[in-house]
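Each chain is listed here by its residues.
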2 protein chains.
Amino acid sequence: MIVSTAKGESERLNHEDDNDLNELLILFYFGYRTFTEKPNQMIEKYGIQRVHHRILFFIARIPGITVNELLTVLEVTKQALNQPLRQLTEKGFILHKTAEYDKRYKQLYLTDRGLNLEKELSKVQQEQMKTIFTKLGGNHREAWVDVMKELSSVRPGQKFFKDLFLTKTTKTNPNNK
Amino acid sequence: MIVSTAKGESERLNHEDDNDLNELLILFYFGYRTFTEKPNQMIEKYGIQRVHHRILFFIARIPGITVNELLTVLEVTKQALNQPLRQLTEKGFILHKTAEYDKRYKQLYLTDRGLNLEKELSKVQQEQMKTIFTKLGGNHREAWVDVMKELSSVRPGQKFFKDLFLTKTTKTNPNNK
DNA sequence: CCTATAAGTCAATCATATTGACCTAATTTT
DNA sequence: AAAATTAGGTCAATATGATTGACTTATAGG
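Since the structure is predicted, the reported quantities are computational estimates derived from the model, not experimental observations.

1. Some words on the overall build of chain A
- Within chain A, the regular secondary structure consists of seven helices and three strands.
- When the helices and strands of chain A are placed in sequence order, the string is α-α-β-α-α-β-β-α-α-α.
- Counting only residues that meet the buried cut, chain A has 49% of its 177 residues in that class.
- Within chain A, residue pairs in contact and separated by at least 24 positions form 60% of the contacts whose partners lie at least 6 positions apart.
- Total accessible area on chain A stands at roughly 8,700 Å², and carbon and sulfur atoms take up 49% of it.

2. Details of the protein's contact with DNA strand D
- As a matter of local geometry, DNA strand D sits amid 23 residues, with Gln-49, Thr-77 and Gln-79 of chain A together with Lys-78 and Lys-106 of chain B nearest to it.
- The contact atoms of DNA strand D, taken as those within 4 Å of the protein, divide so that sugar and phosphate hold 67%.
- Interatomic distance of 3.1 Å between a side-chain N/O atom of Gln-49 of chain A and a phosphate oxygen of DNA strand D.
- Contact distances for DNA strand D include 2.7 Å between a phosphate oxygen and a side-chain N or O atom of Asn-68 of chain B.
- In terms of residue class, the surface near DNA strand D is made up of five nonpolar, eight polar and 10 charged.

3. Here's the deal with the confidence of the model for chain A
All names here are of chain A.
- With 86% of its residues at a pLDDT of at least 70, chain A reaches an overall mean of 89.
- Across residues 4-11 the pLDDT falls below 50, and counting only partners more than four positions away or on other chains, this stretch makes nine contacts in the model.
- A low-confidence stretch, residues 172-177 stays under pLDDT 50, and its non-local contacts, those more than four residues away or across chains, total 13 contacts.

4. Looking at the packing of aromatic side chains
- Throughout the structure, instances matching the rule amount to 23 aromatic pairs over all chains.
- With 5.1 Å between their ring centres and 85 degrees between their planes, Phe-57 of chain B and Phe-58 of chain B make a pair best called edge-to-face.
- Taking relative accessible area as the criterion, Phe-58 of chain B reaches 0% and is therefore assigned buried.
- Three or more aromatic residues joined by ring pairs form one cluster here, namely Phe-28, Tyr-32, Phe-35, Phe-133 and Trp-144 of chain A together with Phe-28, Tyr-32, Phe-35, Phe-133 and Trp-144 of chain B.
- The ring of Phe-57 of chain A carries Arg-61 of chain A above its face, with NZ or CZ at 3.7 Å from the centroid.

5. Considerations on the nonpolar core
- Core analysis: the largest hydrophobic core is formed by 87 residues, its most contacted members being Phe-58, Leu-70 and Trp-144 of chain A together with Phe-58, Leu-70 and Trp-144 of chain B.
- Here this core gets 11 residues from one element, more than from any other, and that element is helix α1 (residues 24-44) of chain A.
- If sequence neighbours within four positions are ignored, Leu-70 of chain B has contacts with Ile-55, Phe-58, Ile-59, Ile-65, Leu-81, Leu-85 and Leu-108 of chain B.

6. Concerning helix α5 (residues 112-136) of chain B
- With 25 residues, α5 of chain B extends 36 Å from end C-alpha to end C-alpha; this agrees with the ideal 36 Å at 1.5 Å per step.
- Looking at α5 of chain B, one finds that the buried residues are Gly-114, Leu-117, Glu-118, Leu-121, Ser-122, Gln-125, Gln-126, Gln-128, Met-129, Ile-132, Phe-133 and Leu-136 of chain B.
- Against α1 and α6 (140-152) of chain A together with α1 (24-44), α2 (50-61), β3 (106-110) and α6 (140-152) of chain B lie the buried residues of α5 of chain B.

7. Looking at the protein's contact with DNA strand C
- By nearness alone, 23 residues border DNA strand C, and Asn-68, Lys-78 and Lys-106 of chain A together with Gln-79 and Asp-102 of chain B come closest of all.
- Of all DNA strand C atoms lying within 4 Å of any protein atom, the proportion belonging to sugar or phosphate reaches 68%.
- In the environment of DNA strand C, a phosphate oxygen lies 2.7 Å from a nitrogen or oxygen atom belonging to the side chain of Asn-68 of chain A.
- A distance of 2.7 Å is found between a base oxygen of DNA strand C and a side-chain nitrogen or oxygen belonging to Gln-79 of chain B.
- Every element with two or more residues in the surface near DNA strand C is listed here: α3 (67-74) and α4 (78-90) of chain A together with α2 and α4 (78-90) of chain B.

8. Observations regarding the sheet that holds strand β3 (residues 106-110) of chain A
All names here are of chain A.
- Strand order in this open sheet of three strands is β1-β3-β2, and the pairing throughout is antiparallel. The two strands at the open ends of the sheet, each matched to only one other strand, are β1 (65-66) and β2 (94-98).
- Bridge analysis of β1 against β3 gives two bridges, and the strand direction is antiparallel. Bridge pairing links Ile-65 to Leu-108 in β3.

9. Considerations on the interface of chain A and chain B
- Taken together, the contact between chain A and chain B spans 66 residues of the former and 66 residues of the latter.
- In this assembly, chain A packs against chain B so that about 7,200 Å² is buried in total across both faces, 69% of it on carbon and sulfur atoms.
- If you look at where chain A meets chain B, you find 10 salt bridges.
- With its nearest N and O atoms 2.8 Å apart, the salt bridge here joins Arg-141 of chain B to Asp-20 of chain A.
- Counting across the chain A and chain B interface gives 21 residue pairs in polar contact (both at pLDDT 80 or more).

10. Structural notes on the environment of Ala-99 of chain B
Residues and elements named next belong to chain B.
- Examined against the element boundaries, Ala-99 turns out to sit in the loop between β2 (94-98) and β3.
- On the basis of relative accessibility, which here comes to 1%, the residue Ala-99 falls in the buried class.
- C-alpha of Ala-99 to C-alpha of Thr-66: the two residues are 33 residues apart in sequence and 8.9 Å apart in space.
- Apart from residues no more than four positions distant in its own chain, Ala-99 is found in contact with Tyr-105 and Gln-107.

Criteria and thresholds
- Residues numbered from 1 in each chain as written.
- Chains lettered and ligands numbered in written order.
- Predicted model: local features only at pLDDT ≥ 70, side-chain atom pairs only at ≥ 80, totals over all residues.
- Heavy atoms only, no water.
- Helix = DSSP H or I, 4+ residues; strand = E, 2+ residues; numbered from the N terminus.
- Buried < 20%, exposed > 50% of the residue type's maximum accessible area, 1.4 Å probe, protein only.
- Contact = heavy atoms within 4.5 Å.
- Areas by Shrake-Rupley, 256 points an atom, 1.4 Å probe, with all protein chains shown as cover.
- Near = heavy atom within 4 Å.
- Polar contact = N/O pair within 3.5 Å; in protein donor to acceptor, adjacent residues only side chain to side chain.
- Nonpolar A, V, L, I, M, F, W, Y, C, P; charged D, E, K, R; others polar.
- pLDDT = per-residue confidence, 0-100.
- Phe/Tyr/Trp six-rings, centres within 6.5 Å; stacked < 30°, edge-to-face > 60°.
- Lys NZ or Arg CZ within 6 Å of the ring centre and 35° of its normal.
- Core = buried A, V, L, I, M, F, W, Y, C linked by side-chain atoms within 4.5 Å.
- Expected span 1.5 Å × (residues − 1).
- Pairing = 2+ DSSP bridges.
- Buried area = accessible area lost by both parts, 1.4 Å probe.
- Salt bridge = Lys/Arg side-chain N within 4 Å of Asp/Glu carboxyl O.

This is the structure in structure tokens:
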């Protein structure tokens, strides 16, 4: 059973009797909801949603990413990306420049407004997790991250992001052309 | 950066230089996708989706749960639950009995077919996570579960589930009436 | 010139979910 | 016994996020 404790001492629950593995779906379903709840509330007033936050997140980490690269990272179709991208542009959170090395490519960047919002959203999520890691102490952060990385690392979008990040943040020309 | 490793030895990444907290959204977004991918593929052939799996999951853990209780656990409206519930009944995965203690209540149960499917789905998810926990070793499972429980425990649906589980699995009469 | 690629768009459809209104049946309250 | 409440169901409209498929424009390159 998942039982929350008020006392710090009994923080570590009985992991033997208690079959952790029987309630994995609960941990992911509710965990994900908690993780996205605050950012969702914050962006609501701008008329944007989860998908827009994800887009801001990735453009923030790979400035100059192209449309095709972004949809490969997100593992969605261009039709799914097109509208939210246009909305973010209209609302002044992102801008795009035609690539000099190839005018077919559109490179995406955050505006100051976009940078500020993305920072706020990331900050809230980071502090929420930091609070938990601090409370639990020990190697909880490292262990949790290790497990989540194992899950993430098998995704094509994550792998593509990794490669992009390594090249785009170390070279001037985004496509090595 | 999130970088997967092939070598077991270098499994534990550098958590100091590497700012884990800067890529939390990636861990959740891709992690959740990996966790749900296999069950999604398995249930596709029955014409059911994620929401149906969640329903099967909770009925399996609280047999005899009523419709209102279930939608409180899932944190959705009755309109959102109604159709998938009907589909699961039509496809022979669940059945409902009118409660003897109050004929307004409909108690939900899995059929043998539903029980089998739910077991298969849970098994796949459990084995996927077990593989990771075994690979990483140490206290990775306990630590990961602790963190996810912290996130989950704040949700009203999780709290309600916890209470339901404690009463429904220890008493004959589901509503203590 | 031909072909491929990047980006955009239109249309139809699906899955998931919401708010709001309204209904029936059963139970509880007054 | 009548009135109010509760559990469950349903209809309609709408929103969000996504898909497949078809088609267009602009650019690049052999």
